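# Per-entry structural report
Here is what each chain is made of, one letter per residue.
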Amino acid sequence: MNEPGDGLSLPPLYLIADRATCAPRNLEDVLAEALDAGVRLIQLREKHLESRELRHLAARLQRRASNYEARLLVNTHAGLAREIGAAGVHLPASGPAPWRIRRQYGNRMLIGRSTHNRKELGEAAGADFVTFSPVYSPNSKPGYGPGAGARTLCSVAECSSLPVYALGGITPRRVGACKRNGAAGIAVMSGILSARHVGSAVSAYLDAWRSTRGPRHPRLS
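Residues numbered from 1 in each chain as written. Predicted model: local features only at pLDDT ≥ 70, side-chain atom pairs only at ≥ 80, totals over all residues. Heavy atoms only, no water.

What follows covers empty space enclosed by the protein. In this approach a probe as big as a water molecule rolls over the atoms, and the regions it shows empty are the leftover space. One pass over the structure, following the stated rule, counts one cavity of 30 Å³ or more. Roughly 30 Å³ of internal volume is contained in the largest cavity. Every residue along the wall of the largest cavity is listed here: Leu-31, Leu-35, Ile-42, Leu-61, Arg-64, Ala-65 and Leu-72. Breaking the lining of the largest cavity down by element, the ones donating at least two residues are α2 (27–37) and α3 (51–66). (1 Å grid on protein atoms, 1.4 Å probe; cavity = no way out; pocket = protein on both sides within 12 Å on 5 of 7 lines; lining within 4 Å. Points joined across faces, edges and corners; volume = space filled by probe spheres on them. Helix = DSSP H or I, 4+ residues; strand = E, 2+ residues; numbered from the N terminus.)

Here you go:
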């Protein structure tokens, strides 16, 4: 992998996955449908699993993702990601600094980082990309707070040296506004995981992205 953010090619749709949002459906079944429909970047976001159970789940998902040449990131646990052969890790804003993880694991580790304001964006050095949230009020986290809006997303994207994925309340109808305001991609959770027809939901997001003209980060394909 190149230096962080340098020449990096990532897909425009980032699926953030956990079992609770899929319920009562099985997470692995839902992800199989999402991968079939074209998802190629997934974050496993399970914060309450015992370490052994998390490892087994992550390893199964990594095997499935590799069949599609998709990239799996494990939330928080860089060591686990390396152990199972995942592409990398996604770090919460309150987690370790990306540059520390980069120094420990090197440039082959794909690193994402959550941000919610410019201060956190400025602390993302060493990451390959960031998510910025909430752009809109998130469906998966009611009560999380009002969305920052597309104008704030635009100012964040303009001042960021890293690709910015828009996160929080992103529906297919809102994809165009995110792209036109500088998002390098969109990050989705309940909009796909809770959909009655997962494949159709994935297609709706991808079609909306492809059909929208506007600023597009050169690092993403």
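Here strand β6 (residues 129–132) shows no split at all, with Phe-129 and Thr-131 on one side and Val-130 and Phe-132 on the other all buried. With four bridges joining them, strand β5 (residues 110–115) and β6 adopt parallel strand pairing. When the sheet's bridge partners are listed, Ser-114 is paired in β6 with Thr-131. Where β6 and strand β7 (residues 164–167) come together, three bridges link them in parallel fashion. Along β7, the bridge assignment pairs Thr-131 with Tyr-165. (Buried < 20%, exposed > 50% of the residue type's maximum accessible area, 1.4 Å probe, protein only. Pairing = 2+ DSSP bridges.)

Taken together, eight strands build a closed barrel; the order of strands is β1-β2-β3-β4-β5-β6-β7-β8 and the barrel is parallel. Neighbour-to-neighbour, the strand axes of the sheet open up by a mean angle of 25 degrees, direction not taken into account. Strands β1 (13–17) and β2 (41–44) of the sheet are contacted by α2, whose axis makes an angle of about 175 degrees with β1. (Axes fitted to C-alpha atoms, helices over the stretch in contact; angles between N-to-C directions. Contact = heavy atoms within 4.5 Å.)

Turning our attention to the pattern of salt bridges. Tallied over the full model, the rule gives eight salt bridges. The partner of Glu-33 in a salt bridge is Arg-25, and the shortest N-O contact between them spans 2.2 Å. In this structure Arg-25 comes out as partly exposed when scored by relative accessible area, which is 32%. Put simply, Asp-207 and Arg-210 hold a salt bridge, and the shortest N to O gap is 3.9 Å. Note that Asp-207 and Arg-210 are positioned in helix α10 (residues 198–210) at a spacing of three residues, about one turn of the helix. Of the residues examined, Arg-210 reaches a relative accessible area of 61% and is grouped as exposed. One salt-bridge network, held together by shared partners, links Arg-19, Glu-46 and Glu-53. (Salt bridge = Lys/Arg side-chain N within 4 Å of Asp/Glu carboxyl O.)

To continue, consider the side chain of Thr-115. Locating Thr-115 in the fold gives a position in strand β5. Side-chain polar atoms of Thr-115 contact the backbone oxygen of Thr-131, separated by 2.8 Å. If near-sequence neighbours (up to four positions away) are discounted, Thr-115 is found in contact with Glu-120, Leu-121, Val-130, Thr-131, Phe-132 and Ser-133. (Polar contact = N/O pair within 3.5 Å; in protein donor to acceptor, adjacent residues only side chain to side chain.)

Reading predicted coordinates in detail is not appropriate for stretches of low pLDDT. Of all residues in the chain, 90% attain a pLDDT of 70 or more, and the chain-wide mean is 92. Note on residues 1–6: pLDDT under 50 across the span, and 19 contacts to partners over four residues away in sequence or across chains. (pLDDT = per-residue confidence, 0-100.)

Our next topic: helix α8 (residues 172–180). Three or more residues of α8 are buried, namely Val-175, Gly-176, Ala-177, Cys-178 and Lys-179. Looking at the buried residues of α8, the elements they touch are α7 (150–159), β7, β8 (185–188) and α10. Two residues or fewer past α8, Gly-182 is found with a positive phi of approximately 100 degrees.

Our focus in this paragraph is the packing of α2 against α3. For the pair α2 and α3, the least separation of the axes is 11 Å and the interaxial angle reads 20 degrees. With respect to α3, the axis of α2 lies roughly parallel. With respect to the hand of their crossing, α2 and α3 are arranged in right-handed fashion. Of α3, the residues touching α2 (which contributes Leu-27, Glu-28, Leu-31, Ala-32 and Leu-35) are Leu-57, Arg-60, Leu-61, Arg-64 and Ala-65. Among the residues forming the contact of α2 with α3, the class breakdown is seven nonpolar, no polar and three charged. (Parallel < 35°, antiparallel > 145°, perpendicular 65-115°, else oblique. Left-handed = near helix turned anticlockwise from the far one by under 90°. Nonpolar A, V, L, I, M, F, W, Y, C, P; charged D, E, K, R; others polar.)

With their axes 8 Å apart at the nearest point, α2 and α10 run at an angle of 40 degrees to one another. In terms of orientation, α2 and α10 fall into the oblique class. By crossing handedness, the relation of α2 to α10 is classed as right-handed. Residue-level inspection shows Val-30, Glu-33, Ala-34 and Ala-37 of α2 in contact with α10, the latter providing Val-198, Gly-199, Val-202 and Leu-206. Residues of the contact of α2 with α10, tallied by class, amount to six nonpolar, one polar and one charged.

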